[in-house]
Amino acid sequence: MKVLTVVGARPQFIKAAPVSRAVRRTHEEVLVHTGQHYDEEMSDVFFDELGIPEPDDNLGVGSDDHGAQTAEMLVGLEGKIAEEDPDAVLVYGDTNSTLAAAVAASKMDPALAHVEAGLRSYNREMPEEINRVLTDHAADLLFAPSARAVENLRAEGVAGAVHGTGDVMYDAVLWARDRAADHSTVLDDLGLAAGEYVLATVHRAANTDDPDRLAAILDALAEDSREVVLPAHPRTVERMEEYGIYDDAETRLTLTDPVGYLDFVRLQDCAEVVATDSGGVQKEAFFLDTPCVTMREETEWRETVEAGWNTLVGADGDAIRRNLATAEVAPDKPRPYGDGNAAATIAGLLDDV
Ligand code: UD1
Ligand code: UDP
């Protein structure tokens, strides 16, 4: 059978890598990049290092407001699906690329398959929450990473077939952890000692597009007694410059460009604590046994909080400072996201199409 996979944003290249490897063992795959992310360090670097083929096509959509960006992707993807005539369209996560592909595919012949289905933050202010809910309700096949995600989908009465598959990001981390330990030189490059620094990321619109929240977060991070490394998303750099706080942040934090996946896995593996508003990073920290402080009010990855590995602190400076200082490894670690074989399970389930 023929599978058309749609990716566009950084976390989707990482999620697609193990699935593409598994899908290509038995199926034909056409990989389409929407062009949502386009900087070398937000896109190309991942294809080079994850051992997945270059995209067959890049729609080159780039950055824009939600409506214009999603609309341009929708038009381009409809054309691609008509041209390629696949049996299934495979989409990942909750970005505008996901939504555009879901809307295009669900009105055409191929089955729509959603990887990372059933996640809910229950915060309708997040564009990602809208994208994931709409995609789940359009999908024919829903691949849910946890038992809670399966329950969420059943509670909403989605029309498609729901499968608990485990989380493909766990597969990705298992593939990367030892490779990163063997090959990444990022600790030396940045002059970091394992276990003695904080790794931070910030890019969520609710944090970057609010000057008070962004300043509160950066201040709290800078006041930690340890070195704080922040590989900054281009959106965050733009906002810091716009608000006139870039120079201060650069002085007080170790600001870097975004790094490749193996380097980032290594940085998470060796950090004493991770501070983030990313979805994927919360989970990766958990997989890599590093405590996490999440600078959001809610999370769709609640299992990590319930297990004691992740704390929600919002953009409250005092809570960030306090929890960074006290975060520690939890005594036990459950395995709510499967056994690291989600990609093979998904490739097998695509046979049902
Ligand atoms: C998107 C996703 C978000 C995901 C994140 C992963 C949506 C609505 N949001 O957010 O769910 O967590 O990707 O990183 O789809 N930019 C560049 N170079 C790039 C890419 C972006 O400079 O290669 C800048 C542009 O100014 C752009 C801004 O970043 O306007 C935001 O990019 P966009 O793709 O719209 O959203 P993200 O914040 O990256
Ligand atoms: N990541 C990376 N380099 C970085 C920051 C993050 O490779 O400098 C990876 C990280 O390992 C994870 C993914 O990007 O797999 C998370 O993407 P992001 O935080 O952009 O998006 P989200 O998961 O919040 O949608």
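Attention in this report is confined to the structure presented alongside it.

Parameters and conventions
By convention here, each chain's residues receive numbers from 1 onward along its written sequence. As a convention, the first chain written is A and the first ligand written is 1, with the rest following in written order. The model is predicted, so local features are restricted to residues of pLDDT at least 70 and side-chain atom pairs to those at 80 or more, both for listing and for counting; the totals for chains, interfaces and linings are taken over all residues. The side-chain figures draw on all heavy atoms in the structure; neither hydrogens nor water molecules are used. Being near a molecule or strand, for a residue, means having at least one of its heavy atoms within 4 Å of it. Polar contacts, as counted here, are pairs of nitrogen or oxygen atoms within 3.5 Å of one another; within protein the pair requires one atom able to donate a hydrogen and one able to accept it, and residues that are adjacent in sequence qualify only if both atoms are side-chain atoms. Each accessible area value is a Shrake-Rupley result obtained with a 1.4 Å probe; residue values ignore everything except the protein chains displayed when judging cover. Numbered from the N terminus, helices here are DSSP runs of H or I no shorter than four residues, and strands are runs of E no shorter than two. Gly counts as polar in this scheme, as do all residues outside two lists: the nonpolar Ala, Val, Leu, Ile, Met, Phe, Trp, Tyr, Cys and Pro, and the charged Asp, Glu, Lys and Arg. Should any heavy atoms of two residues lie within 4.5 Å, those residues are considered in contact. Salt bridges are defined by distance alone: a side-chain nitrogen of Lys or Arg within 4 Å of a carboxyl oxygen of Asp or Glu. The buried label goes to any residue with under 20% of its type's maximum accessible area, the exposed label to any with over 50%, and the partly exposed label to all in between, with areas taken from a 1.4 Å probe on protein chains only.

1. A closer look at the site of ligand 1
As a matter of local geometry, ligand 1 sits amid 20 residues, with His-37, Glu-128, His-203, Arg-235 and Glu-238 nearest to it. The backbone of Tyr-38 places a nitrogen or oxygen atom 2.9 Å from an oxygen atom of ligand 1. One nitrogen or oxygen atom from the side chain of Arg-204 is found 3.4 Å from an oxygen atom belonging to ligand 1. Burial of ligand 1 by the protein chains amounts to 89% of its free accessible area of 740 Å². Looking at the shell around ligand 1, the elements with two or more residues in it are helix 3 (66–84) and helix 11 (234–242). Residues that form the shell around ligand 1 fall into these classes: five nonpolar, nine polar and six charged.

2. Let's talk about the environment of Asn-323
One can find Asn-323 in helix 16 (residues 317–326). Taking the C-alpha atoms as reference points, Asn-323 and Asp-263, separated by 60 residues in sequence, lie 25 Å from one another. Once you skip the residues sitting within four places of it in the chain, Asn-323 turns out to touch Val-293, Thr-311 and Val-313. Within the structure, the side chain of Asn-323 is placed 2.8 Å from the backbone oxygen of Ala-319, a separation counted as a polar contact.

3. A word on the pattern of salt bridges
For the structure on display, the rule yields 35 salt bridges. Ionic pairing is found between Asp-94 and Arg-132, a salt bridge with its closest N-O pair at 2.8 Å. One end of the pair, Asp-94, is in the loop between strand 4 (88–92) and helix 4 (96–106); the other, Arg-132, is in helix 5 (residues 127–138), and 38 residues separate them in sequence. On the basis of relative accessible area, Asp-94 is assigned to the buried category, the value being 15%. With a relative accessible area of 2%, Arg-132 lands in the buried category. Ionic pairing is found between Arg-252 and Asp-219, a salt bridge with its closest N-O pair at 2.8 Å. In this pair, Arg-252 sits in helix 12 (residues 246–252) while Asp-219 sits in helix 10 (residues 211–222), placing the two residues 33 residues apart along the sequence. Given the relative accessible area of 30%, Asp-219 is considered partly exposed.

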